[in-house]
Amino acid sequence: MTDLTIIGGGLAGSEAALQVAHSGFKVQLYEMRPSIPTGAHLGSDLAELVCSNSLGSNLSDRASGVLKNELRQLNSMLLECAEATALPAGAALAVDREAFARMVTEKIENHPNIKIIRAEMKEIPQTPVIIASGPLTSESLTRSIAKLSGEEHLFFFDAIAPIVHAESINMEIAFRASRYGKGDSDEGDYINCPFTKDEYYSFVNELQKAERIELRSFEEAIRTGVKAGQFFEGCLPIEVIAERGIDSLAYGPMRPVGLRDPRTGRGSYAVVQLRQDNLAGSLYNLVGFQTNLKFPEQKRILRLIPGLENAEFERFGQMHRNTFIASPKLLRPTLQHTTRDDLFFAGQITGVEGYMGNIATGLLAGINASRLLGHKPPIKLPHETMLGALCHYITHADLKDFQPMKANFGILPPLILEKRIGKRERGQLYANRAAKVLEEYLNETPKEKVSSLVIRDR
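Residues numbered from 1 in each chain as written. Predicted model: local features only at pLDDT ≥ 70, side-chain atom pairs only at ≥ 80, totals over all residues. Heavy atoms only, no water.

1. Topic: the overall build of the protein chain
Counting secondary structure elements, the protein chain contains 13 helices and 16 strands. Within the span of the protein chain, comprising 458 residues, buried residues form 58% of the whole. Sequence-distant contacts, at least 24 apart, represent 70% of the contacts inside the protein chain between residues at least 6 apart. Accessible surface computed for the protein chain: about 19,600 Å², of which carbon and sulfur atoms make up 51%. (Helix = DSSP H or I, 4+ residues; strand = E, 2+ residues; numbered from the N terminus. Buried < 20%, exposed > 50% of the residue type's maximum accessible area, 1.4 Å probe, protein only. Contact = heavy atoms within 4.5 Å. Areas by Shrake-Rupley, 256 points an atom, 1.4 Å probe, with all protein chains shown as cover.)

Next comes the structure, spelled out in structure tokens:
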């Protein structure tokens, strides 16, 4: 007997499955890969990281760090996997993406309460279900969701960064360092490719002239619903950023602040950073270098980066479709659908952005689905917490301006301050308040808020 169906084996679906199964309920987890590819995923493992391998900052005064601390307090199982497969990345949490996905997959495959079904779920079941089908939801399921909601879906394009082989990087030009010296290793956690002013302008000039990839077949269905060139601001391709002005990249993903070339002792006009992508240290991804250039053009343009003149690429950048629902019209802060208590949504399809946001909404959906199955009321996290603020945003935003949102301090209720303070100090105050409010919420009466967020035994 199955108690709950989960559609989608990405970050949100995997976290939700483990939460519900750990509560003692039987779960069927539907994942259509590998029999039906998405156009963006490469393998068959669950919880595959498609874009970057970084899960954001670990620092307590950063929004991503606040969300991670909340997930630790709420016993996120995917965060445990991430920390177990972490790579050196300065103050960020980056993982070996293959090791991470394999660990999550093995946890789910070996859980006695979870059955994985490698097939497409084409319609929304009439039984309790969490839809965590992600940004590349199949056309059949998309139609089923649209039929239920009566609302059109929104679309935007996302892009993924290239990956190069470490041995092909010219370390006579490139150098190791972390911004402002904040790293786990003495020599630095990132490889940095420095530009002179002339090198930078030449690079941008060639980038602006380069040919781009046309929409792929799986994106044709949304051609009438989105204009090419509409991107989520946090994942803009480099060629789109370059269109905004000749120095826009130097103030964006190629900003040189906090870095000095150890050979010269000076800073550079611009810098491309590369971050370790696997435990072996044989692969590095270009940080913030999402692109939709044609593959031969990527090879030509990216080899203009000092230190990458002979780069060998494990993967070129790609653009793909992201799908999300009109959550302000369709969802409650508990992540339940407005017309069905037993229908939950989680992950990017809700309009939450970022790996940790996906994991976090999967966790909350899993907790509340477990509580529903156990005949307990769902929880609604306080707005002062980062996860509570994310859920409040996606369910209360003005629909005409609704865009995907990742963890940030701007969605939290403002602080009441008696004097002006710095950005980092303000971030720490937000973090302290979020931690205090969450602790109080979990410890308030009735006691079930603490001990029975999920049901451990059945």
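2. A few points about the confidence of the model for the protein chain
Any residue range with low pLDDT should be treated as having predicted coordinates unsuitable for detailed reading. Chain-level statistics for the protein chain give a pLDDT mean of 86 and a share of 86% at 70 or above. A low-confidence stretch, residues 217-230 stays under pLDDT 50, and its non-local contacts, those more than four residues away or across chains, total 23 contacts. In the predicted structure, residues 454-458 sits below a pLDDT of 50 and forms 18 contacts with residues beyond four places in sequence or in another chain. (pLDDT = per-residue confidence, 0-100.)

3. Quick look at the pattern of salt bridges
As enumerated under the stated definition, the model contains 17 salt bridges in all. One salt bridge in this structure joins Arg72 and Glu83, with 2.7 Å as the shortest N-O distance. Of this pair, Arg72 sits in helix α2 (residues 63-73) while Glu83 sits in helix α3 (residues 77-84), and the two are 11 residues apart along the sequence. In this structure, the salt-bridge partner of Glu211 is Lys294, at a minimum N-O distance of 3.4 Å. Placement of the pair is Glu211 in the loop between α6 (197-209) and α7 (238-242) and Lys294 in the loop between β13 (283-286) and α8 (295-302), with a sequence separation of 83 residues. Exposure remark for Glu211: the relative accessible area of 46% places this residue in the partly exposed category. Linked by salt bridges that have partners in common, Asp45, Arg102, Glu106 and Glu109 make up one network. (Salt bridge = Lys/Arg side-chain N within 4 Å of Asp/Glu carboxyl O.)

4. Some thoughts on unusual backbone geometry
Phi is positive for Leu335, close to 75 degrees, though the residue is something other than glycine. Looking at where Leu335 falls in the secondary structure, it is placed in the loop between α9 (327-330) and β16 (343-345).

5. Overview of α6
Its 13 residues give α6 an end-to-end C-alpha distance of 19 Å, which sits within 8% of 18 Å, the value for a rise of 1.5 Å per residue. Those residues of α6 that are buried are in contact with β11 (190-195), α7, β12 (270-276) and α8. (Expected span 1.5 Å × (residues − 1).)

6. Topic: the packing of aromatic side chains
Scanning the model with the defined rule gives 8 aromatic pairs in all. Between Tyr200 and Tyr201 the ring centres are 5.6 Å apart and the planes differ by 55 degrees, which places this aromatic pair in the tilted class. Here the aromatic residues Phe195, Phe203 and Phe289 are joined through ring pairs into a cluster of three or more. (Phe/Tyr/Trp six-rings, centres within 6.5 Å; stacked < 30°, edge-to-face > 60°.)

7. Focus on the sheet that holds β12
Where strands meet in a sheet, backbone hydrogen bonds hold them as pairs that are either parallel or antiparallel. Read from one edge of the open sheet, 6 strands run β10-β11-β12-β13-β9-β14, paired in antiparallel fashion. Each edge of the open sheet is held by one strand with a lone partner, namely β10 (175-177) and β14 (313-315). Ignoring which end each strand starts from, the neighbouring axes of this sheet average 40 degrees apart. Sheet topology note: the β11/β12 ladder contains 6 bridges and is antiparallel. Paired with Pro194 across the strands is Val271, a residue of β12. Sitting on the sheet, α6 is in contact with β11 and β12, with an inclination near 95 degrees to β11. (Pairing = 2+ DSSP bridges. Axes fitted to C-alpha atoms, helices over the stretch in contact; angles between N-to-C directions.)

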